[in-house]
Amino acid sequence: MDDMDNFDPNRVYDAIVIGSGLGGSTLAYRLGQRGLRVLVLERGDYLRLPPRGPNEPVGIHIDSFSTRPFTVGGPTKFYGAAMYRMRESDFRATKHEAGESPAWPITYADLEPYYKEAEQLYRVHGASENDPTEPPRSSPYPYPPIPHEPLVSAVIDRLGKSGTSVSPVPLALDYGDGGKCILCSTCDSYYCRLDAKMDAEIAALRPAMATSKVELLTNADCLKILTSSDGSKVTGVLIERGGKQETIRAGIVALCAGVPHSARILLDSRTERHPHGLGNSTGCVGRYSAGHTTGMIFPLLNWAKKLPPTRTKSFSINGYYGGTSDWPYPLGVIQAAGQIPFWTADAVPKWKKRIAQFVAERSLYCFYMVEALPTRDTGYDFNGRTIVRETKPVENVGTFNKLRHLAIKTFRKAGYQVVSPGHRSLWHMTGTVRFGDDPNTSVLDANCKVHDIDNLYAVDSSVLPSAGVVNTGLTIAALALRVGDTIASAELSNSSFTTIQRPAIAVSC
Ligand SMILES: Cc1cc2nc3c(=O)[nH]c(=O)nc-3n(C[C@H](O)[C@H](O)[C@H](O)COP(=O)(O)OP(=O)(O)OC[C@H]3O[C@@H](n4cnc5c(N)ncnc54)[C@H](O)[C@@H]3O)c2cc1C
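Residues numbered from 1 in each chain as written. Predicted model: local features only at pLDDT ≥ 70, side-chain atom pairs only at ≥ 80, totals over all residues. Heavy atoms only, no water.

Okay, the overall build of the protein next. The helix and strand tally for the protein stands at eight helices and 24 strands. Radius of gyration (C-alpha) of the protein: 23 Å, near the 23 Å computed for a compact globule of 509 residues. Projected onto its principal axes, the C-alpha positions of the protein cover 70 × 55 × 50 Å. A burial count over the protein gives 59% of its 509 residues as buried. A separation threshold of at least 6 residues defines the contact pool for the protein, and within that pool the share at least 24 residues apart is 75%. Total accessible area on the protein is roughly 20,300 Å²; 51% of this is exposed by carbon and sulfur atoms. (Helix = DSSP H or I, 4+ residues; strand = E, 2+ residues; numbered from the N terminus. Rg over C-alpha atoms; globule rule 2.2 N^0.38 Å. Buried < 20%, exposed > 50% of the residue type's maximum accessible area, 1.4 Å probe, protein only. Contact = heavy atoms within 4.5 Å. Areas by Shrake-Rupley, 256 points an atom, 1.4 Å probe, with all protein chains shown as cover.)

Across the eleven residues that make up helix α4 (residues 200–210), a large majority, eight, are buried. On its buried face, α4 is in contact with α1 (22–33), β2 (38–41), α2 (108–121) and β10 (214–217). Capping the start of α4, aspartate 199 holds a side-chain oxygen 3.0 Å from the backbone nitrogen of glutamate 201, two or three residues further along. Looking one or two residues beyond α4, the residue adopting positive phi is serine 212, at roughly 65 degrees. (Polar contact = N/O pair within 3.5 Å; in protein donor to acceptor, adjacent residues only side chain to side chain.)

The full set close to the ligand counts 35 residues, and Gly23, Glu42, Ala82, Ser461 and Gly473 are the nearest of them. A distance of 3.1 Å is found between a nitrogen atom of the ligand and a side-chain nitrogen or oxygen belonging to aspartate 221. With the chains in place, 88% of the 1,000 Å² that the ligand exposes on its own is no longer accessible. Looking at the shell around the ligand, the elements that each hand over two or more residues are α1, β11 (221–227), α5 (261–268) and α8 (473–493). (Near = heavy atom within 4 Å.)

For the structure on display, the rule yields 27 salt bridges. Where arginine 43 meets aspartate 221, a salt bridge forms, and the shortest distance between an N and an O atom there is 3.7 Å. Taken together, the residues span a long stretch of sequence, with arginine 43 in the loop between β2 and β3 (59–61) and aspartate 221 in strand β11 at a distance of 178 residues. Note on arginine 43: relative accessible area 31%, which makes it partly exposed. Given a relative accessible area of 12%, aspartate 221 falls into the buried group. Linked by salt bridges that have partners in common, Arg85, Arg87, Glu112, Glu119, Asp131, Glu134 and Arg137 make up one network. (Salt bridge = Lys/Arg side-chain N within 4 Å of Asp/Glu carboxyl O.)

Right, let's get into α5. For an α-helix, 3.6 residues make a turn, and residues three or four places apart therefore share a direction. Judged by how many residues are buried, α5 sits mostly within the fold: seven of eight residues are covered. Regarding α5, the residues found buried are Ser262, Ala263, Arg264, Ile265, Leu266, Leu267 and Asp268. Contacts made by the buried residues of α5 are with β1 (13–18), β11, β13 (244–255), β18 (379–383) and β23 (456–458).

The next point concerns the confidence of the model for the protein. In the predicted model, the protein carries a mean pLDDT of 94, and the fraction of residues at 70 or more is 96%. Counted against residues more than four places away or in other chains, residues 495–509, with its pLDDT under 50, gives 31 contacts. (pLDDT = per-residue confidence, 0-100.)

The nonpolar side chains of soluble globular proteins are, as a tendency, buried together. With 121 residues, the main nonpolar core has Ile18, Leu27, Leu41, Tyr122, Ile225, Val237 and Ile248 as its most contacted residues. At ten residues, the largest contribution of residues to this core is made by α8. Not counting chain neighbours up to four residues away, the residues in contact with valine 237 comprise Ile16, Ile18, Leu41, Cys222, Lys224, Ile225, Leu226, Glu246, Thr247, Ile248 and Val253. Of all hydrophobic cores here, the second largest spans 26 residues; its members include Val166, Leu364, Leu403 and Phe411. (Core = buried A, V, L, I, M, F, W, Y, C linked by side-chain atoms within 4.5 Å.)

Residue position: proline 102 is located in the loop between β5 (99–101) and α2. According to the relative accessible area criterion, proline 102 is buried, its value standing at 15%. Considered as a pair, proline 102 and phenylalanine 91 are eleven residues apart in the sequence and their alpha carbons are 7.9 Å apart. With residues near it in sequence (within four places) discarded, proline 102 still touches Arg92, Ala93, Pro374, Arg434, Pro465 and Ser466.

What follows covers the packing of aromatic side chains. Applying the stated criterion across every chain, the model contains 15 aromatic pairs. Here tryptophan 327 and tyrosine 329 contribute two aromatic rings whose centre-to-centre distance is 6.1 Å and whose plane-to-plane angle is 75 degrees, an arrangement assigned as edge-to-face. Judged by relative accessible area, tryptophan 327 falls into the buried class, the value being 19%. The partly exposed category is assigned to tyrosine 329, whose relative accessible area is 26%. Here the aromatic residues Phe91, Trp104, Tyr108, Tyr115 and Phe435 are joined through ring pairs into a cluster of three or more. Lying across the ring of tyrosine 141, arginine 137 places its NZ or CZ 3.8 Å from the centre. Over the face of the ring belonging to phenylalanine 358 we find arginine 362, whose NZ or CZ atom lies 3.8 Å from the ring centre. (Phe/Tyr/Trp six-rings, centres within 6.5 Å; stacked < 30°, edge-to-face > 60°. Lys NZ or Arg CZ within 6 Å of the ring centre and 35° of its normal.)

Bringing unusual backbone geometry into the picture now. Between valine 259 and the following residue, proline 260, the backbone shows a cis peptide bond with an omega angle of 5 degrees. Examined against the element boundaries, proline 260 turns out to sit in the loop between β13 and α5. Despite not being glycine, histidine 428 has its phi angle at roughly 50 degrees, a positive value. Looking at the secondary structure, you find histidine 428 in strand β22 (residues 425–430).

One can find threonine 227 in strand β11. According to the relative accessible area criterion, threonine 227 is buried, its value standing at 18%. Among residues more than four places away in sequence, those in contact with threonine 227 are Lys233, Val234, Thr235, Thr271 and Leu278.

For the rest of this paragraph, the subject is the environment of glycine 431. With respect to the element layout, glycine 431 can be found in the loop between β22 and β23. Classification of glycine 431 as buried rests on a relative accessible area of 0%. Residues glycine 431 and serine 442 lie eleven residues apart in sequence; the distance between their C-alpha atoms is 9.6 Å.

If you want it as structure tokens, here you go:
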């Protein structure tokens, strides 16, 4: 892989992509495919690991990398690879117990062709059967669902017999003919040493770089986006690399640094023309964060002994999503997780660790999640690079409790004893650079271009106005393909991209 040790900052790029995570790598892939010359800037480095020793597990848990929060591929190097399409209603304004989930500026139908391509790119294995929430599709999943392990099949059988409909989790894995995945237990929250998980680096960045149109600069920390003197256009970026600052210029800049970094970079890029930060003339940058409130549930499979290492993340229960007869609001989904040693985390108090480990090792760890809502107040306040205040999304606590009780009832009905601590965590954060039709309440237009700047785009989790009810990853990837098409057609119709002057380089130490 190219570290670009001989990186030449004089090179002229059609586009600079900031961040090599899900949005950034997928966008770079599409731009390279469309013939644009692209530089991806990544603050971190590759995760290069010693070869796997005999009897060592395939995966290495995320906690081993806690000193390296930035990496090529971003958090997808550790993700559970659950790649869902959002449901049709997730794109519409929806009333919840604690407020409203906002309408998106595009519909499910607008994104459908890109979902299809993203599923192909990320090799998503799934099936629509038994999922009443599955949106309309122009074609079936590109790969059949991942088979359940016998231990998981037994649980699904009992759930089915007790009247609960169970569907496969769509999974982005290199599984099947010639594939690298061996369906091991160290996947969700683990780095895969077989490169078998279709993360952003493997699924999108590597093929992008193979086109020779896309280059990656690692350890390149984007400090600012630079604008023209009248403030109407971006001209490039200021980065720090190896203790030196450098300016790199391009016709288009796309921000894909994730929540909360994309918002912070916009704010840090303030100029006289944009005194509150880029895209922030209406004060929306950093605001309207949203996400998922999640809780854990443990159906006990065997009190007497630990379960063997098993690939457990393969089924979900989505039937409660639309609400129930006694709950008029959307509820959420219940999903099997991987065998994650969550009790080792610092956040788990010492006294709880042993009991948590005892229960988790004997049960099927599942989680349930409901939407947490954005308001103008939710989000982050920064002082330079530091977050000085976080106002969390508004949680639908009654809905969360309702779904928890339904989850407990569901597994009990199937004959399992259940442990469910009722603790709430926020996952899959979205918003802070959201797209929308109204510049008073959004940073980007429906094409993910900053409202008042000609050639600045963003596409990552921070763009999503709400988190919907399923994992957000595939939606980020689909949106990135769509934005790639928008940028490529803008590039074609705007000759200025081919007449960029050779850049002036500013270097300071
Ligand atoms: C353990 C775990 C399991 C998960 N499981 C799932 C799952 O099963 N399904 C799902 O849909 N989601 C899952 N997620 C969430 C998913 O990984 C994220 O939602 C997704 O990666 C967000 O994509 P993004 O494009 O917003 O940015 P990211 O993927 O976060 O990428 C941002 C990139 O920008 C880089 N960057 C940041 N600042 C700068 C800077 N100043 N200069 C240059 N580069 C910068 C970062 O290093 C990073 O590479 C999981 C996450 C974790 C941690």
